[in-house]
Amino acid sequence: MELIANLELGLETALTLSNLFYCLLGVFLGTAIGVLPGLGPTATIAMLLPITFTLEPVSSLIMLAGIYYGSQYGGSTTSILVNLPGEAASVVTTIDGYQMAKQGRAGAALATSAVGSFFAGTVATFLIAAFGPPLAAVALEFGPADYFSLMVLGLVASVVLAHGSLLHAIGMVVLGMVLGMVGTDVTSGAQRYTFEIPELADGINFVTVAMGMFGLGEIIRNLESEAQRSVIISKITNLMPTKEDLRRMIAPILRGTLIGSALGILPGSGSILGSFAAYSIEKKVSKYRDQLGKGAIEGVAAPESANNAGAQTSFIPMLTLGIPSNPVMALMVGAMIIQGIQPGPSVISEQPALFWGIIVSMWIGNLFLVILNLPMIGIWVRMIMVPYQLLYPAIVAFTAIGVFSLNNREFDIYLMAIFGVFGYVFAKLGCESAPMLLAFILGPLMEEYLRRALLISRGNPWVFVQRPISVTLLALAALAMLAVSLPSFSKTREVALKG
Amino acid sequence: MIRSTKDFWAGLIYLFFGLCTVIIARDYDTGTALRMGPAYFPMLLGYLLTLIGIISVVRSFISHGTPIGEIAFKGLFVIIGSVLLFGFLVRRTGVVIALPLLVMISASASDHFRWPPTLILAAGLTLFCVFVFLRGLGVPLPIWGSWFGG
């Protein structure tokens, strides 16, 4: 079978000693940032991106991917042990996870989270392997108009799934696209919005934007209210869940994996939404729903499976269509471009070792994560204690040197500082940065596809509704917009995205 | 009477960027739909952003919103200032001076700032960066800058 041959190729790539090492390094760093307060995967990957330029393309992508899904594991550890989510996707886990820890069942909660995550990761890996190639085959048929409409759908979805006001989500998307216009116009060679600054001729580097908004902006925000992590952690003694626990976690893990995988493909904060959705479904269907909130194992198993599944299926649009669905994926796209790989549906056929290598490495990475997070839990518990006032100056230092090394010029340091102010100001105004960064990446691409589509159609704008694929995608986008404007739906959205 | 300060300020930001985008784009060639010029797409976006800005500002007078809350001016100025200073100093003094300064100044923004651990952190990070980034990864930054004849 073709799938097996492909997975064999992936195994060959992923099992080389150096790739195993980078996979382990990635998931190790991922767990660390998941545990460390106030440091998320977007800022970390942006910081490490310049370092990966020196690596092989496969190795660098394997490591970056590991950081992302690894952070989902680490995030749950702090949720359970100190009632503080390490990552946004682990917010719901605090509810029952911390209750379990208070009842002296922290070990069982951690084990449940690891088992659920591992199962979900395995299923999601197979989903990518199974659905990736057919999706890419469909995408090869896409014309410029279809790509344009697909990106419209992607941005609409990120707007619908953003926190807070719909108007501001749209505003941030358009603002992001505007900022993406800075630089040289590819077709005419004209300099746009560069203010005759030579450093802006190549446009604003998205890593600079990400480091500023997600790195510095986040730090300033965290400094508003410095919570001390002085929670005393009782010794974790029993990691083995009881037979009863094992029996009860099966159904929630299955449900969580299913919901998480489905929602992970959506642009925006798929893995976050997945964990919330999984928890609310448990509240409705679980036999033990009256125990939820009081330390029920279902409240850990379902959201933890969902966020890990979602983190992994969010690779599908990036790997098959070349379109990022969240800021982390946008950084991965950037990493590929810098390595000389044009992301898109042809990656599977042109770079099979890369594509399958990444997929298989995800499964291996999940295996590493179980080992890292269960027997070695002691290390991470100590890491939770790292005080933030010593962590953030280090982040500032790494971002400053990292952003300089992109182009070896001070200009990027100053630009990052400006985006740091942006990040903080927009956070204060309740405007989310993630849709903006996504639009920043997609904006120039959309302009290019719009230009090509109109050129082919001889300037006829109806081309977007005449092509069946394009019109379907646009109709989906319109439906999503319409649905979210309905009062009953927008209430659900508010509840589901709260956190 | 502004009822939602968040909507108001965010709206002004959209308006500012939207109008700038449109005004600057007038210097570029718009072209036609068939052959989009460099100004075509930005112009569209600029108008759209201006419109969103107007809606947001108008809405700020109509519907109530949550207040912005206290702004961490200290954190904002200290963090951003320390990064700008680093950019200015890094080639002039070199990493050995610019980096510890960056670490110490940015660390002082915290309410829990204390000298002893910060000094150790600054020294450790500087050593780490010199060996890993400068020596290991070859980032072309001077250890001693031009002010010291580096």
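The sections below set out a description of the structure shown in this document. (Residues numbered from 1 in each chain as written. Chains lettered and ligands numbered in written order. Predicted model: local features only at pLDDT ≥ 70, side-chain atom pairs only at ≥ 80, totals over all residues. Heavy atoms only, no water.)

Let's talk about the layout of surface pockets
Residue and element names in this part refer to chain A. Taken as a whole, the second largest pocket spans an internal volume of roughly 1,200 Å³. Along the wall of the second largest pocket there are 44 residues; nearest its centre are Val186, Ile337, Ile441, Pro444 and Leu445. Elements supplying a minimum of two residues to the lining of the second largest pocket: helix 7 (144-160), strand 1 (183-184), helix 14 (327-338), helix 18 (388-407) and helix 20 (433-456). For the lining of the second largest pocket, the element with the highest residue contribution is helix 20, accounting for eight residues. Tallied by class, residues from the lining of the second largest pocket come to 24 nonpolar, eleven polar and nine charged. (1 Å grid on protein atoms, 1.4 Å probe; cavity = no way out; pocket = protein on both sides within 12 Å on 5 of 7 lines; lining within 4 Å. Points joined across faces, edges and corners; volume = space filled by probe spheres on them. Helix = DSSP H or I, 4+ residues; strand = E, 2+ residues; numbered from the N terminus. Nonpolar A, V, L, I, M, F, W, Y, C, P; charged D, E, K, R; others polar.)

Notes on the side chain of Ser158 of chain A
Residues and elements named next belong to chain A. Here Ser158 shows up in helix 7. Given a relative accessible area of 2%, Ser158 falls into the buried group. Engagement of the side chain of Ser158 in a polar contact is seen with the backbone oxygen of Leu155, the distance being 2.9 Å. (Buried < 20%, exposed > 50% of the residue type's maximum accessible area, 1.4 Å probe, protein only. Polar contact = N/O pair within 3.5 Å; in protein donor to acceptor, adjacent residues only side chain to side chain.)

Looking at the packing of helix 6 (residues 106-140) of chain A against helix 12 (residues 298-313) of chain A
All names here are of chain A. Running from N to C, helix 6 and helix 12 point in directions that differ by 35 degrees, and their axes come no closer than 7 Å. Two packed elements cross with a definite hand, and for helix 6 against helix 12 that hand is right-handed. Contact residues: Ala109, Thr112, Ser113, Gly116, Ser117, Ala120, Gly121, Ala124, Thr125, Leu127 and Ile128 in helix 6; Val300, Ala301, Glu304, Ser305, Asn308, Ala309, Gln312 and Thr313 in helix 12. For the contact of helix 6 with helix 12, the residue count by class is eight nonpolar, ten polar and one charged. (Axes fitted to C-alpha atoms, helices over the stretch in contact; angles between N-to-C directions. Left-handed = near helix turned anticlockwise from the far one by under 90°. Contact = heavy atoms within 4.5 Å.)

Remarks on a nonpolar patch on the surface
Residues and elements named next belong to chain B. Taken together, the side chains of Ile2, Ile54, Val58, Phe61 and Ile62 present a nonpolar region at the surface, about 420 Å² in accessible area. Examined against the element boundaries, Ile2 turns out to sit in the segment before helix 1 (5-25). Of the residues examined, Ile2 reaches a relative accessible area of 31% and is grouped as partly exposed. (Patch = residues over 30% accessible without salt bridge, like charges linked within 9 Å, V, L, I, M, F, W, Y side chains within 5 Å. Areas by Shrake-Rupley, 256 points an atom, 1.4 Å probe, with all protein chains shown as cover. Salt bridge = Lys/Arg side-chain N within 4 Å of Asp/Glu carboxyl O.)

A few points about the interface of chain B and chain A
Counting residues at the interface gives 64 residues for chain B and 65 residues for chain A. When chain B packs against chain A, close to 5,600 Å² is buried across both sides, 78% of that on carbon and sulfur atoms. Summed over the shared surface of chain B and chain A, the number is one salt bridge. Every element with two or more residues in the side of chain B that touches chain A is listed here: helix 1, helix 2 (40-62), helix 3 (73-93), helix 4 (95-107) and helix 5 (115-136) of chain B. Class assignment of the residues belonging to the side of chain B that touches chain A gives a composition of 46 nonpolar, eleven polar and seven charged. (Buried area = accessible area lost by both parts, 1.4 Å probe.)

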